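Summary of the model geometry
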Amino acid sequence: MKIVLSLFILLFIVTVHEWGHFIAGRISGVRVYEFAIGFGPKLFSWFKNGTKFTIRLLPLGGFCSFDKDETKNSEKEKQLFEEFDDSKYTALPEASFGKKMFIILNGIIMNFVLAYVLFFFIFTFIGTQSMTVDQIMPNSVAEKVQMMPGDEILKVNDRDVKNINEFTKDKDFLSEDGFKMTIKRNGEIETIDVPSLKEDGSFGVSFKLIKSPAKAFKEAATTIGDMLGKIFGILKKIFVKVDDQMMGIVGFAGFMTKQENINLLMILLLIAGISVSVGAFNLLPIIPLDGGQAVIYIIEKIIGKPISEKARTAISYVGMAFMLYLFVRVTYNDILRLR
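Residues numbered from 1 in each chain as written. Predicted model: local features only at pLDDT ≥ 70, side-chain atom pairs only at ≥ 80, totals over all residues. Heavy atoms only, no water.

Considerations on the overall build of the protein
Using the following cut-off: Each helix corresponds to a stretch of at least 4 residues labelled H or I by DSSP, and each strand to a stretch of at least 2 residues labelled E; elements are numbered beginning at the N terminus. Partly exposed residues are those whose accessible area sits between 20% and 50% of the maximum for their type, while under 20% is buried and over 50% is exposed, using a 1.4 Å probe and protein chains only.
Looking only at helices and strands, one finds eleven helices and eight strands in the protein. When each of the 339 residues of the protein is scored for burial, the buried share is 43%.

The following block contains the structure:
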């Protein structure tokens, strides 16, 4: 059941991404030939407004096709395509630069929109963490340095902290020498010396939650921004080596099976977090990712003509080879985690 749930989460996120391409194509007046949920053999399909919608066997992704490929269509589907009046539509290669960029990037945009909506919903109804201490864990570092409920954490060393992500930045929080923490207690400012947390990385406090739509509106954007910073930090390393923090489909499925209690909040947080990761990954300037195709459009705009088919094919082969390498390495790391 947990494996099925993990596949559903991934399929839902990819479907939202591909729907972003689809709706951008429709808005731009560019013909969309197929919108598919899943990969592999077609289970069933239907035809509407010039687009073939298909459900496919393998629930591991999806695609939005702007290319007319007759080899993939049945005789009945070919007839439906021929009968459809597409005079009001433009083929993607003939679309303007702005429309091409809108279509190729809107999948990424929709991933970020989905994450933002979910984070906003969660922070509005569950609450966002303030920097005011609610509880002190027994035998924790916080207890040893005599933290008290009601203390408001203002700074770590000389760095202002306004949320939990700023509070736990590694460069200060996991320093070998510990750190100084500025707090407000009963209206007065105090400084506390905190020893190194390198052994377990845990300080030992929980923070009070604040339920406020206005705060949730800002915190949702801040959370996505913080996540993107961490994700891009990891992605930069993949051109040298595969970072151990990267996780693929196998790793995610393994993670889900290890969870004892999966509730709605956890599912929403997973969808939001993975959606940000999918959007960020697709920004990489590598074919067949959206970022790679966007770079091609930019180059074509600069040189004033389409890139030759030979050059495009060569770029695609390099990109596919890198993606295959990345898939094998990440999957290998995933399997090692499961042992």
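There's plenty left to go through after this.
With respect to helix α1 (residues 2–28)
Because the α-helix completes a turn every 3.6 residues, residues three or four places apart line up on one side. The criterion, for reference: A helix is expected to reach a length of 1.5 Å times the quantity of its residues less one.
Across its 27 residues, α1 extends 39 Å between first and last C-alpha, which sits within 8% of the 39 Å expected from 1.5 Å per residue. Just downstream of α1, Gly-29 is the residue with a positive phi angle, here 75 degrees.

Regarding unusual backbone geometry
Backbone torsion omega between Ile-287 and Pro-288 reads 15 degrees, so that peptide bond is classified as cis. Its place among the elements puts Pro-288 in the loop between α9 (264–281) and α10 (290–303). Not every positive phi belongs to a glycine, and Asn-49 is a case in point at roughly 50 degrees. Looking at the secondary structure, you find Asn-49 in the loop between β1 (34–48) and β2 (51–65). Assessed through its relative accessible area of 45%, Asn-49 is described here as partly exposed. In the Ramachandran plot, Asn-139 falls in the positive-phi region, its phi being about 60 degrees despite a non-glycine side chain.

As for the packing of aromatic side chains
For any pair of aromatic rings, the description rests on two quantities: the centre-to-centre distance and the angle between the ring planes. Our working definition: Think of it this way: a Phe, Tyr or Trp ring, Trp meaning its six-membered ring, pairs with another when their centres are within 6.5 Å, and the plane angle makes it stacked under 30 degrees, edge-to-face over 60, tilted otherwise.
For the coordinates displayed, the defined rule picks out twelve aromatic pairs. For the pair Phe-8 and Phe-12, a centre-to-centre distance of 6.4 Å together with 15 degrees between the ring planes defines the contact as stacked. Taken together, the residues span about one helical turn, with Phe-8 and Phe-12 both in helix α1 at a distance of four residues. Given a relative accessible area of 52%, Phe-8 falls into the exposed group.

Some details on the UniProt feature "transmembrane region" (unreviewed entry) in the protein
This is how the line gets drawn: UniProt positions are given in the numbering used here, feature names are shortened, and annotations may be inferred rather than shown by experiment.
The sites that UniProt annotates as "transmembrane region" (unreviewed entry) are residues 102–127, 264–287 and 314–332. Taken end to end, residues 102–127 is 92% helix and 0% strand, and its two terminal C-alpha atoms sit 34 Å from one another. Summarising residues 264–287: 75% helix, 0% strand, and an end-to-end C-alpha distance of 35 Å.

Considering the environment of Ile-224
Mapped onto the elements, Ile-224 comes out in helix α7 (residues 213–237). Note: C-alpha distance between Ile-224 and Ala-115 (109 residues apart in sequence) is 7.7 Å.

Section: α9
Note the cut-off: Each polar contact in these results corresponds to two N or O atoms within 3.5 Å; when the atoms are within protein, one needs to be able to donate a hydrogen and the other to accept it, and residues that are neighboring in sequence are counted only if both atoms are side-chain atoms.
Between the first and last C-alpha of α9 there are 26 Å, a value that for 18 residues agrees with the 26 Å anticipated at 1.5 Å per step. Where burial is concerned, most of α9 is hidden: 13 out of the 18 residues are buried. Capping the start of α9 is the job of one residue whose side-chain oxygen sits 3.3 Å from the backbone nitrogen of Leu-265: Asn-263.

Some words on the side chain of Arg-56
Put simply, the test is: Working rule for contacts: check all heavy atoms of both residues, and any pair within 4.5 Å makes them a contact.
With respect to the helices and strands, Arg-56 occurs in strand β2. We classify Arg-56 as buried; its relative accessible area is 14%. Engagement of the side chain of Arg-56 in a polar contact is seen with the side chain of Glu-34, the distance being 2.7 Å. A distance of 2.9 Å separates a polar side-chain atom of Arg-56 from the backbone oxygen of Gly-40. Not counting residues up to four positions away in its chain, the partners in contact with Arg-56 are Glu-34, Ala-36, Ile-37, Gly-38, Phe-39, Gly-40, Pro-41, Lys-42, Leu-43 and Phe-63.

Quick notes on the environment of Ser-130
With respect to the secondary-structure elements, Ser-130 resides in strand β3 (residues 128–136). Residue Ser-130 is classed as buried on the basis of its relative accessible area, which comes to 10%. A C-alpha to C-alpha distance of 7.8 Å links Ser-130 and Ile-164, two positions 34 residues apart in sequence. Setting aside chain neighbours within four positions, we find Ser-130 in contact with Phe-207, Lys-208 and Ile-210.

Considerations on the nonpolar core
Where we set the bar: The definition of a nonpolar core used throughout is a set of buried Ala, Val, Leu, Ile, Met, Phe, Trp, Tyr and Cys residues joined through side-chain atoms within 4.5 Å.
Membership of the largest hydrophobic core comes to 31 residues, with the highest contact counts inside it found for Phe-119 and Ile-271. Of all the elements in the fold, those that place two or more residues in this core are α1, α3 (97–125), α7, α9 and α11 (309–338). Ranked by residue count, the leading element in this core is α9, at eight residues. Every residue in contact with Ile-271, bar those within four places of it in the chain, is listed here: Ile-9, Phe-12, Ile-13, Leu-114 and Leu-118. Within the second largest apolar cluster, 19 residues are counted, among which are Val-161, Met-181, Phe-203 and Phe-207.

A few points about the pattern of salt bridges
The following threshold applies: In what follows, salt bridge is the name for a side-chain nitrogen of Lys or Arg lying within 4 Å of a carboxyl oxygen of Asp or Glu.
Evaluated as defined, the whole model comprises six salt bridges. Between Asp-193 and Lys-180 there is a salt bridge, with its nearest N and O atoms 2.6 Å apart. Highlighted residues: Asp-193 in strand β7 (residues 188–194) and Lys-180 in strand β6 (residues 179–185), separated in sequence by 13 residues. Among the residues examined, Lys-180 registers a relative accessible area of 45% and is labelled partly exposed. Its salt-bridge partner being Glu-300, residue Arg-312 comes within 2.9 Å of it at the nearest N-O pair. Of the two residues, Arg-312 sits in helix α11 while Glu-300 sits in helix α10, which places them twelve residues apart along the sequence.

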